Amino acid sequence: MKIKVTMLLSLLLMILTGHSINAQQQRYTVSGYVKDKKNGESLVGISIGKSGTSLGTVSNQYGFYSLTLPAGEHELQFSYMGYGTYKTTVDLKKNITLDVSMEATSSQLNTVTVNGQKQERTVNTLNTSINKLDIQQMKKMPTFMGEVDVLRAIQTLPGVNTVGEGASGFNVRGGNSDENLILLDEAPVYNSTHMLGFFSVFNPDAVKSLNLIKGGFPAEYGGRTSSVLDIRMKDGNNQDFNVNGGIGNIFSRLSVEGPLVKDKSSFIVAARRSYIDLLMKPFVKGDMKDTKLNFYDITAKANYKFNKNNSVFVSGYFGRDVFGFGKDVNMNWGNSTATVRWNHVFTNRLFLNLTTYYSKYDYSLKFSNDSKRGANEDAQGYDWTSNIINYGLKPSFTYYINSTNTLHFGVQGIYYTFKPGTGTSTEGDLKHVKQLSDQHALESAVYVDHEWKPTKKFGIQYGGRLSAYQFVGKGTAYYFNDTTPGIRKTLIGSKEYGANDLIKGYYYFEPRLSARYAFTDQHAVKLAYSRTTQFMHQLSNTASPTPLDIWTPSTNNIKPMVSDQYTAGYFYNAPNDAYELSAEVFYKTTDNQLDYIDNANLQLNPLIEADLLPSQGRAYGLEVYAKKDIGKTTGWVSYTLSRTERKTTGISMDEWFLNRYDRTHNLNLVLTHTFTKRTSLSANWVFASGTPGTFADNRLEFQDWDIPYNSTEKRNNYRLPAYHRLDLSMTLKGKQLKRWKGEWVFSLYNVYGRRNAYTIYFKQNDDDPTKREAVRLSIIGSIIPGITYNFKF
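For every chain, the first residue of the written sequence is number 1, and numbering continues from 1 onward in sequence order. At least 70 in pLDDT is required for a residue's local features to be given in this predicted model, at least 80 for side-chain atom pairs to be given and counted, and no such filter applies to totals for whole chains, interfaces and linings, which use all residues. Based on all heavy atoms of the structure, the side-chain values leave hydrogens and waters out of the count.

### Quick word on unusual backbone geometry
Residue Gly473 is joined to Lys474 through a cis peptide bond whose omega torsion reads 15°. In DSSP terms, a helix is any run of H or I states spanning at least four residues, a strand is any run of E spanning at least two, and both are numbered starting from the N terminus. Along the chain, the position of Lys474 falls in the loop between β29 (458-472) and β30 (475-480). One non-glycine residue, Ser652, lies in the positive phi region at around 55°. Here Met653, not a glycine, exhibits a phi torsion of approximately 60°, which is positive. Residue placement: Met653 occurs in the loop between β39 (633-647) and β40 (657-658).

Take a look at the structure:
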């Protein structure tokens, strides 16, 4: 059956690509996996090519490659930044399997050109708006409290920002944080931060690499409209046992990895736990003595290679935040994921990755008066819980037609269960429970795209994604009348649906296109267009998302978001690959974004859809990026000039207004200088325009009181002061022994103590209640030092 399917695919694709059967019979394929020689980790994006020609390919996300060449003898070259170039000669008289182990080098620190560095250069790829970072690059950056952090690393890239310290998540090209698809080993993660936004949930000891895709999305990605953050975990060292860890003044971490069966099976387990609450316990008295403020997480992965054609990977994550003031207020939230993957090689040209996953995000909030009530008072309390659960299945195929044609295709399915909330209030022995009905949805898609590189100068990747979404029972569907825009809708009816009954279905075709033209080996231009749809939404009418914000699916009243994005860019790689430059312009429109009527009620509201308004969005801008990889001084600079706006009928006089996440200018400078093999200094400076806010521009005097109001009725009519900050970090490595390697990391966050405004609010003057004054709220307004000791043995 496999042979018949492969023969039919080959015949069809030979017709599409203009290759005759005779010509095809004179060509053979060399394929296999590329791995790190020292630890057995698969290497992604390795350049594989025939020496002296433009014929080549790159290893995929799982380290697999396939290259079809004419029969005969060929010298192949495997190369990647930070690894020595590997060359070998093959005599293609038949299809062969060639697995390659590459050895890491430290030559990228030298100031001279590194021989053979022709890794997957940005000037050669078809992809636009993609930034890649590996853990070694992230470790060179200045750290917050001495700790490497994935999300802080991507916030230095063009087109990425946040509303400030303490903001949950990140924003890409003006989109909300829920418009980012965050994947950890292909399982979606719904809250990406610990400790109210200061740290990410991704343990750097377990992360191998990340890709941030902002535009020109490949057809395999869907379900979000702003970006994809694809994070890949380490497989674990299949050669030797290693222990990595760090002890800091915020949290400590420990990871263990090693072979289960050498060369065939390995594992990694990584854990972290913060202890701010333990450190401050001796200093907290009275009602606050039981204050809780901590987080912990565990990341684990194992794999087994049955034979050259079959490998299985199992990974999981569990993390939780706990935040509370004494016994009176307690919150906790966390993510759980589990992923099982099967890699199967049908033939030298046909590769399968089959992924199934489970993901859950849950949160709770509790209030009580136990610590403050008197002897004759009844206990009072409130308990609210909510969660979202989904199961997914994704078989994806890659068919390597020949050295110039590759086909990607697959099917995806996700089943969602939303539990919007259960609230339980108590007063003495009395309990009152208010529970919103569960909601269910099925999202499915089929996709295909064709990557064609007919010449060294020109390449194109085109395809599409057919997405289907069904909002299903068991549950209640509500129906509202059309009222004056901006006013709460009126309920006119409802209907009960049984389990799996279709309430509302949506169907979309999402075309994708990327093209590249290279003027020379160093200069290229790229164009891209993509349409994306999003079927789930995060509801928040606060300044920034919080861990307790509500997730809701598209329903009969809430339409899916649909976004169209156009991108054009210029890319340059220096002849010796010492540095790269890029400049991209983008224009993005989005329909059916959610907005809110004034004073919208989002908490435990069964008729929450009555408070929501459809909105249009648009974003456009210029992104410039320059990166230097070789030499004692490395780093990058990114600059974004952009505008992000919304338009909502019934809001802001029906005119376009600035999005809450708009920043006109955003500049990041990241530098690392290596003084010796044991000493390095890193610096990060960021400057950004202040975010927009809605403030009163007039006042009404009434009985000796000043009542402020917005006379224009326009949202986000003012902008906060500009944000800027300098961070420094120094790494001092100890003597690197054969079995023990240690280093000290000293960091200073916000070096010159800038009090950046998170928001501005107004209050009555303490001395004269008839006057009001503006107050700047800063989450961090001083220098924050950090120290961490990292070790490995």
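### Brief notes about the sheet that holds strand β16 (residues 207-213)
At least two bridges found by DSSP between two strands is the condition for calling them paired. Read from one edge to the other, the open sheet built from five strands follows the order β9-β16-β17-β12-β13, with strand pairing classed as mixed. Looking at strand neighbours, the two that pair on one side only are β9 (130-134) and β13 (187-188), the edges of this open sheet. By the bridge criterion, five bridges tie strand β12 (residues 180-184) to strand β17 (residues 227-233) in an arrangement that is parallel. Looking across to β17, one finds that Leu183 is bridged to Asp230.

### Brief notes about the sheet that holds strand β6 (residues 83-92)
The four strands lie next to each other as β3-β2-β5-β6, forming an open sheet whose pairing is antiparallel. This sheet does not close on itself; its edge strands, each paired only once, are β3 (56-58) and β6. Pairwise comparison of adjacent strand axes, ignoring direction, gives a mean angle of 20° for this sheet. Relative to β3, strand β2 (residues 47-50) runs antiparallel, the two being bridged by three bridges. The partner of Ile48 across the bridge, within β3, is Thr57. Axis lines are fitted through C-alpha atoms, for helices just across the contact stretch, and the angle between N-to-C directions can take any value from 0 to 180 degrees.

### Quick word on the pairing of strand β47 (residues 723-733)
The two faces of a sheet get side chains in turn, since along a regular strand they alternate between them. Here strand β42 (residues 679-688) pairs with β47 via 10 bridges, running antiparallel. By the bridge assignment for β47, Asn684 is matched with Asp727. The sheet contact formed by β47 and strand β48 (residues 741-749) spans six bridges and is antiparallel. Bridge pairing in β48 places Met730 opposite Phe746.

### Examining the environment of Ser554
Take Ser554: it is sitting in the loop between β35 (550-553) and β36 (561-573). The classification of residues rests on relative accessible area computed with a 1.4 Å probe and restricted to protein chains. Under 20% of the type maximum is buried, over 50% is exposed, and intermediate values are partly exposed. Ser554 gets classed as buried once you look at its relative accessible area, which sits at 0%. In the structure, Ser554 is positioned 83 residues away from Phe471 in sequence and 7.1 Å away in space, judged by C-alpha atoms. Look past the residues within four positions of Ser554 in its chain and what remains in contact with it is Tyr469, Phe471, Tyr506, Gln534, Phe535, Met536, His537, Lys559 and Pro560. Contacts were defined at the residue level, with two residues in contact if any of their heavy atoms lie within 4.5 Å.

### A few points about the side chain of Asn402
Topologically, Asn402 is positioned in strand β25 (residues 380-402). Between N or O atoms, a polar contact is any pair within 3.5 Å; within protein, one atom must be a potential hydrogen donor and the other a potential acceptor, and residues adjacent in sequence are included only when both atoms are from side chains. There is a polar contact of 2.9 Å between the side chain of Asn402 and the backbone nitrogen of Thr404. Here the side chain of Asn402 touches Asn405 through a polar contact of 2.9 Å, landing on its backbone nitrogen.

### Side note on the confidence of the model for the protein
Residue-level confidence of the predictor is what pLDDT reports, using numbers from 0 through 100. In the predicted model, the protein carries a mean pLDDT of 85, and 89% of its residues have values of at least 70. For residues 1-6, every residue scores under 50 in pLDDT, and the model assigns this stretch five contacts once sequence neighbours within four places are set aside. Counting interchain partners and residues more than four positions distant, the pLDDT-below-50 stretch residues 107-118 has 32 contacts.

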